[in-house]
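# Chain and residue survey
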Amino acid sequence: MQKLIVIVGPTGSGKTKIAIEITKKINGALINADAYQVYKEIEIGTAKATKDEYQDIEVYNNGDVSINEEWDIKIFQGKAKKIIDTIINKGKIPIIVGGSNLYVEALIFNYDLSAKPRTSLYEELTNEQLYEQIKNINPDIASKIQIQNKRRLVRALQILKNNDPFQQKNEQIYKSLLITPHIELPKLLEKVANNVDKMLNKGWKKEVEDLYKKDKNISSLNAFKAIGYQEILDSIINNTEINIEQIKHKTRKYARRQITWIKNKFKNVLVYNNNFEQIIEKINEFLRNN
């Protein structure tokens with residue numbers, strides 16, 4: 001079974017820096033599993049590592065796709081599998097790093113996404129009809145969903161009708177060693193809020209302005225689902241101040257969700273707490289053993 005090193009963690013936890021250090025030490029190659037850092041045109045707001053930071057590192061899915069190209073979890077899964085084979089054939093160790101935990105999970109557990117249900121299956125249903133179907137199956141779940149939130153209604157119905165691929169545990173095709181950085185929650189939340197200010201100071205607004213000048217319909221693109229981009233675009237279109245506190249609130253909330261996901265979904269995760277040599281020893285032991 002092929003072996004992977006997988007580094008997961010919340011936004012702002014320093015996982016990319018750790019991944020780079022580990023990659024250099026063990027002759028690895030990085031595969032970025034972030035849903036938005038893959039886009040070449042959005043850099044500042046996605047906290048994408050620079051070419052200087054990736055110096056002498058072989059890295060994939062980092063600015064490889066245009067925002068106008070199709071990209072989703074299914075495409076990532078298929079491409080990542082091919083990249084893993086390429087890296088191993090080169091005699092290197094594949095290292096997955098990223099904050100999109102669902103991408104990581106779909107890859108290492110080999111979820112069958114070939115028949116992933118689409119929202120289009122429910123397009124002809126109103127929110128009220130969707131809600132009634134959910135209520136008939138599970139009233140408790142229905143009571144927790146706002147009826148105007150169609151995306152959540154569709155997602156809940158997919159799960160309740162057992163046609164959600166992420167509820168189906170498939171056979172693991174990779175033997176994975178998972179590592180996550182340790183950072184105290186108050187410190188993390190303060191850091192991610194400060195990072196918003198830093199990104200704005202680096203020219204985040206201008207990045208969005210330049211993209212909007214090229215395409216006035218840019219808000220419809222998947223790339224603009226990344227936290228902060230829509231808020232900045234709204235401020236440009238409406239000539240208002242950027243709602244910085246809203247961006248910070250969303251980022252902190254996202255970081256909390258990532259932490260919860262890692263605790264609930266990923267087992268036997270090694271904690272990186274400035275114990276670099278110990279982690280390298282564990283990695284080498286993992287790679288040696290069958």
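See the structure above.
Sequence order sets the numbering: in each chain, residues are counted from 1 along the sequence as written. Where local features are concerned, this predicted model is filtered to residues with pLDDT of at least 70; where side-chain atom pairs are given and counted, the filter is 80 or more; whole-chain, interface and lining totals use all residues. Excluding hydrogens and water, the side-chain figures rest on all heavy atoms present in the structure.

With that settled, consider the pattern of salt bridges. Any Lys or Arg side-chain nitrogen located within 4 Å of an Asp or Glu carboxyl oxygen qualifies as a salt bridge. Tallying each qualifying case throughout the model produces five salt bridges. Between Lys 250 and Glu 231 there is a salt bridge whose closest N-O contact spans 2.4 Å. One end of the pair, Lys 250, is in helix H10 (residues 244–265); the other, Glu 231, is in helix H9 (residues 229–238), and 19 residues separate them in sequence. One network of salt bridges, in which partners are shared, links Glu 58, Lys 90 and Lys 92. By definition, any uninterrupted DSSP run of H or I lasting at least four residues is a helix, any uninterrupted run of E lasting at least two residues is a strand, and each is numbered from the N terminus.

Once that is clear, we can look at the side chain of Asn 101. Mapped onto the fold, Asn 101 is located in helix H3 (residues 101–108). Each residue is assigned to one of three classes by its accessible area relative to the maximum for its type, calculated with a 1.4 Å probe on protein chains only: buried under 20%, partly exposed between the two thresholds, exposed over 50%. By relative accessible area, Asn 101 is classed as buried at 4%.

Further remarks concern unusual backbone geometry. Notably, Asn 27 is not glycine yet its phi reads approximately 60 degrees, a positive angle. Along the chain, Asn 27 turns up in the loop between helix H1 (15–26) and strand S2 (28–32). Owing to a relative accessible area of 42%, Asn 27 belongs among the partly exposed residues under this scheme.

So, about the sheet that holds strand S3 (residues 59–60). At least two DSSP bridges between two strands are needed for those strands to be called paired. Pairing is parallel in the open sheet, where six strands are placed in the order S3-S2-S4-S1-S5-S6. The outermost strands of the open sheet, each flanked by one partner alone, are S3 and strand S6 (270–272). Relative to strand S5 (residues 174–181), strand S1 (residues 2–8) runs parallel, the two sharing six bridges. From the neighbouring strand, Leu 4 faces S5, where its bridge partner is Ser 176. In what follows, a contact means two residues having at least one pair of non-hydrogen atoms within 4.5 Å. A fitted line through C-alpha atoms represents every axis, and for helices the fit uses only the stretch in contact; the resulting angles, taken between N-to-C directions, go from 0 to 180 degrees. The sheet contacts of helix H2 (residues 73–89) involve S1, S2, S3, strand S4 (93–98) and S5, and relative to S2 the element is tilted by about 175 degrees.

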